[in-house]
Structure formats: C-alpha cells, structure tokens
Amino acid sequence: NANISVGHIDSKFGISIHQLPHIKRVVENTGLHLDGVHMHTGSDILDIDVFLQGAEILFEVAAEFKNLSYIDFGSGFKVPYYPGADETDIEYLGERLSARFNEFEKAYGKSLTLMFEPGKYMVSEAGSFLATVNVVKQTTSTVFAGIDTGFNHLIRPMFYSAHHEIENISNPEGRSRYYTVVGYICETDTFGSNRKINEISEGDVLCFHNAGAYCFSMASNYNSRFKPAEVLLIDDKDYLIRRRETIQDLIATTEDIKF
C-alpha cells in the first residue's frame, strides 16, 4: 500500500542512506553528538527477512558513528485484520534480531540499547468501535446497513482501503447475510462492501474490530459531528475515560467578535 510505505528512497521521511557521507561531514565539522540511529521501513511488514535486511542497513550506518547509545528499529509489524490472517512472528523476529544485535554489539565494542516502537501492534486489537444501525435499505442488488457514524470517526477504510472485521453483537446467533455497511456522511463513507454479517435489524449494534489504533486518534468533527465516548474495560469493570462531546465542545474555541 503506497499510503503506508515510508521507507523507500524518495520518501519525505528521514534521511536517505545515500546521504550518509553528508551526515558524517556535518557531525565531524560541528562536533555534533549523535545519540542514536533509527529506521522506519513502513507498516504491515510480514516477512521477517525484509525487516532483517533493513536492520543490516541500520547496523552499517551505526558502525560509522562510534559513540552511540541506542539503535531504534522502529516497528511496522503486521497485525491480523480478519480471522485467519497472517501476522508478524514476533518471537521468531526476536530470536533472529537478538542474535544479530549481540554480534554487532561485540564488534562495536560498546553496550547499546535496542529499541522498538510497536504502537499499532500493541493496541490495534485491544480496541473495538461500536456503532448503532439506523436503517437497513434494500436496493436492486445491495442491502445497505446505515450506521450512526462515518469516516469522521473511523477513516481507515476510506483512507487506506483498510479492512476491519464487522460483527453484529446484537444478533450473535443469527443467520448471516451480505451487507454493505455505510455511514451517515453525505459522501462515500463505506466501511465494508458485501460483508457476510449476522442478520442486521434497525437498532442493532455493530462492532468494528482492530479499532485500538488510528480510530479515535484520527477522528474529527467533520460536518459538525460529535466525537464519541471512550470506555476502558479492565478486570471486568468499565470506566468512562472520555465523555461524549456536545455542541458546547464544538464552539468552545470560538471567540466573540465585535465589529
């Protein structure tokens, strides 16, 4: 997916390895202390060898700077977005990278901190997004389930063509039918096309999985819509950690203008 590929040669992010000689000159000429080196190859990386190839490049860069404190390998680990989907084998990656890191550390002659930034991998599956069905509409070829949300709350399916499993938690034992789940924004905000979901009725609550990352954090007040509440579930107890917005929240930052 080109939208989440950030580690290529023409990326706006970071510094190309082909510019390493320039960086070395800057460090040497200014006396700049370089504390660590970091890479981010992209998102949804499944092939361990791809990640290890990137790590080898980072080791080569790190070897050029003799007083580092850490090497940061970023993240981008793939999480499963539907049943049976593959995910990054973290244990296998840990075994391979740990052995290679220990080798590099000996050759480098100094102990280093190994760092990762596995944000999405840690929280994606930990969050769910709930929406209520407003209407079920049959056209000549499609059954639409319209819900009380839109891309203002969960933009990933529209922005990245991302897949989120959709479950009807109000009818867990119902027979399944095919639905296209759509939002309330007067634009194309389709969450899923022709999805097999347990039979949906008006008022049912649909659950979108993998909403722990890039759901609320990318939400907006587009079309003057309120952001939803957030609830934390822990040890079989629920806690309201973010209340639902009101019209007062939307106008809180406005100022009285006197002409």
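Residues numbered from 1 in each chain as written. Predicted model: local features only at pLDDT ≥ 70, side-chain atom pairs only at ≥ 80, totals over all residues. Heavy atoms only, no water.

(A) The sheet that holds strand β6 (residues 166–168), seen in detail. With mixed pairing, the six strands of this open sheet are ordered in space as β6-β9-β4-β5-β7-β8. This sheet does not close on itself; its edge strands, each paired only once, are β6 and β8 (190–198). Between one strand and the next, the sheet's axes are offset by a mean angle of 40°, whatever the strand orientation. Pairing geometry for β6 and strand β9 (residues 205–208), over three bridges, is antiparallel. Residue Asn-168 lies in a different strand from β9, and its bridge partner there is Leu-206. (Pairing = 2+ DSSP bridges. Helix = DSSP H or I, 4+ residues; strand = E, 2+ residues; numbered from the N terminus. Axes fitted to C-alpha atoms, helices over the stretch in contact; angles between N-to-C directions.)

(B) Inspection of the packing of aromatic side chains at higher detail. Overall, the coordinates contain 13 aromatic pairs when judged by the stated rule. When the ring of Phe-59 is compared with that of Phe-104, the centres are 4.8 Å apart and the planes differ by 25°; the resulting orientation is stacked. Here Phe-59, found in helix α2 (residues 48–62), pairs with Phe-104, found in helix α3 (residues 90–108); they are 45 residues apart in sequence, far enough to count as distant. Among the residues examined, Phe-59 registers a relative accessible area of 2% and is labelled buried. Centroid distance Phe-104 to Tyr-108: 5.5 Å. Interplanar angle 25°. Geometry classified as stacked. Taken together, the positions of Phe-104 and Tyr-108, both in helix α3 and four residues apart, correspond to about one turn of that helix. Note on accessibility: Phe-104 and Tyr-108 belong to one class, buried. One aromatic cluster is present, formed by Phe-51, Phe-59, Phe-73, Phe-77, Phe-101, Phe-104, Tyr-108, Phe-116 and Tyr-121 through successive ring pairs. (Phe/Tyr/Trp six-rings, centres within 6.5 Å; stacked < 30°, edge-to-face > 60°. Buried < 20%, exposed > 50% of the residue type's maximum accessible area, 1.4 Å probe, protein only.)

(C) The state of the cysteines, seen in detail. All told, the structure shown has zero disulfides when counted by the stated rule. Sulfur of Cys-207: no disulfide; nearest cysteine sulfur belongs to Cys-215 and is 11 Å away. Of the residues examined, Cys-207 reaches a relative accessible area of 6% and is grouped as buried. (Disulfide = S-S within 2.5 Å.)

(D) View of the environment of Glu-117. Structurally, Glu-117 is set in the loop between β3 (113–115) and α4 (119–123). Along the sequence, Glu-117 and Gly-76 sit 41 residues apart, while their C-alpha atoms lie 8.4 Å from each other. If sequence neighbours within four positions are ignored, Glu-117 has contacts with His-38, Asp-72, Gly-74 and Ser-75. Within polar-contact distance, the side chain of Glu-117 engages the side chain of His-38 at 3.3 Å. (Contact = heavy atoms within 4.5 Å. Polar contact = N/O pair within 3.5 Å; in protein donor to acceptor, adjacent residues only side chain to side chain.)

(E) The arrangement of α2 in detail. The terminal C-alpha atoms of α2, which comprises 15 residues, lie 21 Å apart, in line with the 21 Å expected from a rise of 1.5 Å per residue. Those residues of α2 that fall on the buried side of the exposure criterion are Ile-48, Phe-51, Leu-52, Gly-54, Ala-55, Leu-58, Phe-59, Val-61 and Ala-62. Down the axis of α2, the buried set is contained in an arc of 165°. They therefore lie on one face. For α2, the exposed residues lying more than 90 degrees away from the buried face are Gln-53 and Glu-60. Close packing links the buried residues of α2 with α1 (20–30), β1 (36–38), β2 (70–72) and α3. Of the residues flanking the start of α2, the one acting as N-cap is Asp-47, its side-chain oxygen 2.9 Å from the backbone nitrogen of Asp-49. (Expected span 1.5 Å × (residues − 1). Arc of directions from axis to C-beta.)

(F) Representation of the packing of α2 against α3. It is the contact of α2 with α3, at a shortest axis distance of 11 Å, that shows an interaxial angle of 15°. Regarding the angle of α2 to α3, the classification is roughly parallel. Like other packed secondary-structure pairs, α2 and α3 cross with a definite hand, here right-handed. Residues Ile-48, Asp-49, Phe-51, Leu-52, Ala-55, Glu-56, Phe-59 and Ala-62 of α2 form the contact with α3, whose own contacting residues are Tyr-92, Leu-93, Arg-96, Leu-97, Arg-100, Phe-101, Phe-104 and Tyr-108. A class-by-class count of the residues in the contact of α2 with α3 yields 12 nonpolar, no polar and four charged. (Parallel < 35°, antiparallel > 145°, perpendicular 65-115°, else oblique. Left-handed = near helix turned anticlockwise from the far one by under 90°. Nonpolar A, V, L, I, M, F, W, Y, C, P; charged D, E, K, R; others polar.)

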